[in-house]
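So the chains spell out like this:
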Amino acid sequence: MRLRAVVPGAALVLVGLAGVSGCSDDSRPARAATPSYELAPRPVRESETPLHARRARSADLEVTALGFRDGIHEILGTHAEMKPKGRYARVRVLAENRGRDIQLFDTWRQLLVTADGRTHSPDVNAIMVKRQPEKLSIGAGVRVEFDLWYDLPGQARVTALRILGSPPVGAVSEPPPADIPLT
């Protein structure tokens, strides 16, 4: 007797589950994952801190901060050796044009922000010694990777990289800047 009482209850559960699975729409094709490029990982450079998911966008220019190094007391280039007035900081960036027209990446407009709220322009001598671009036209859908160099005073603590893209087609004013946290 007890077995008969359990069996009808179990049958109701099975019928209920069958009804739930019958409600799904199997006529739609399964959604495929978006294909992506497979890029080989690269080792982090000496004394550099890798940064993950640190990006911001100003107009159609999206910049990702890939790595950061502070406290560099000397740099060497192909034709020069330089010491900073304070200390050098280097930010490895990936700049990508998300728009349909050319974006101008102007190195001199990308500022490093310190904890005291001050902004610091890239160091012209370090940029030249390290052979990094001063201005770069980035075509639609193009990605480029390079370093930004700064000469910072004293013990100023770096907090962010402030980026500024160029106005997109039809814009009548400068786009707003965007900050990428570095700490």
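These remarks concern the structure in this document. (Residues numbered from 1 in each chain as written. Predicted model: local features only at pLDDT ≥ 70, side-chain atom pairs only at ≥ 80, totals over all residues. Heavy atoms only, no water.)

## What about the overall build of the protein chain?
The following threshold applies: Secondary structure elements are defined from DSSP: runs of H or I of at least 4 residues count as helices, runs of E of at least 2 residues count as strands, and each element is numbered from the N terminus. In this scheme, a residue with accessible area under 20% of its type's maximum is buried, one over 50% is exposed, and one in between is partly exposed, where area comes from a 1.4 Å probe on protein chains only. The contact definition used throughout considers only heavy atoms, calling two residues in contact when any of these lie within 4.5 Å. Where accessible areas are quoted, they stem from the Shrake-Rupley method and a 1.4 Å probe; at the residue level, only the protein chains shown are allowed to cover.
The helix and strand tally for the protein chain stands at two helices and 13 strands. Residues classed as buried in the protein chain amount to 35% of the 183 residues present. By sequence separation, contacts in the protein chain at least 24 residues apart represent 65% of the contacts at least 6 residues apart. As presented, the protein chain carries roughly 11,900 Å² of accessible surface, and 56% of it is formed by carbon and sulfur atoms.

## Overview of the nonpolar core
Worth spelling out the cut-off: By nonpolar core is meant a set of buried Ala, Val, Leu, Ile, Met, Phe, Trp, Tyr and Cys residues that side-chain atoms within 4.5 Å join together.
If you look at the biggest cluster of nonpolar residues, it comprises 23 residues, and the most contacted ones within it are V63, V91, F105, L112, L161 and L182. Those elements that provide at least two residues to this core are β3 (61-72), β6 (87-97), β11 (143-152), β12 (158-163) and β13 (178-181).

## Section: the packing of aromatic side chains
Selection rule: Aromatic contacts are taken between Phe, Tyr and Trp rings whose centres are within 6.5 Å, Trp giving its six-membered ring; a plane angle under 30 degrees counts as stacked, one over 60 as edge-to-face, and the others as tilted.
The tally for this structure, following the rule as stated, stands at two aromatic pairs. Where Y88 meets W149, the ring centres are 6.0 Å apart and the plane angle is 90°; that geometry is what we call edge-to-face. Taken as a pair, Y88 in strand β6 and W149 in strand β11 lie far apart in primary sequence, 61 residues in all. When its relative accessible area of 2% is taken as the criterion, W149 is described as buried. On the basis of an interplanar angle of 80° and a centroid distance of 4.9 Å, the ring pair of F105 and F146 is categorised as edge-to-face. Taken as a pair, F105 in strand β7 (residues 103-106) and F146 in strand β11 lie far apart in primary sequence, 41 residues in all. Per residue, the accessibility class of F105 equals that of F146, and both read buried.

## Quick notes on the side chain of R87
Test applied: We define a polar contact as two N or O atoms separated by no more than 3.5 Å, with the added condition that, inside protein, one atom must be a possible hydrogen donor and the other a possible acceptor, whereas residues neighbouring each other in sequence contribute only through side-chain atom pairs.
Mapped onto the fold, R87 is located in strand β6. Among the polar contacts listed, one links the side chain of R87 to the backbone oxygen of P153, at a separation of 3.4 Å. Engagement of the side chain of R87 in a polar contact is seen with the backbone oxygen of G154, the distance being 2.6 Å. Excluding its chain neighbours within four sequence positions, the residues that come into contact with R87 are D70, G71, I72, H73, Y150, D151, L152, P153, G154, Q155, A156 and V158.

## Focus: the sheet that holds β13
As a reminder, the rule being used: Paired strands are those between which DSSP finds at least two bridges.
What the four strands build is an open sheet, ordered β9-β8-β12-β13; its pairing is antiparallel. Among the strands making up the open sheet, the edge pair consists of β9 (119-120) and β13. Here β12 pairs with β13 via four bridges, running antiparallel. In the sheet register, L161 faces β13, and the bridge partner there is I180.

## Brief notes about the side chain of S166
If you trace the backbone, S166 turns up in the loop between β12 and β13. A polar contact is formed between the side chain of S166 and the backbone nitrogen of L104, at a distance of 3.0 Å. Among residues more than four places away in sequence, those in contact with S166 are A59, I102, Q103, L104 and P175.

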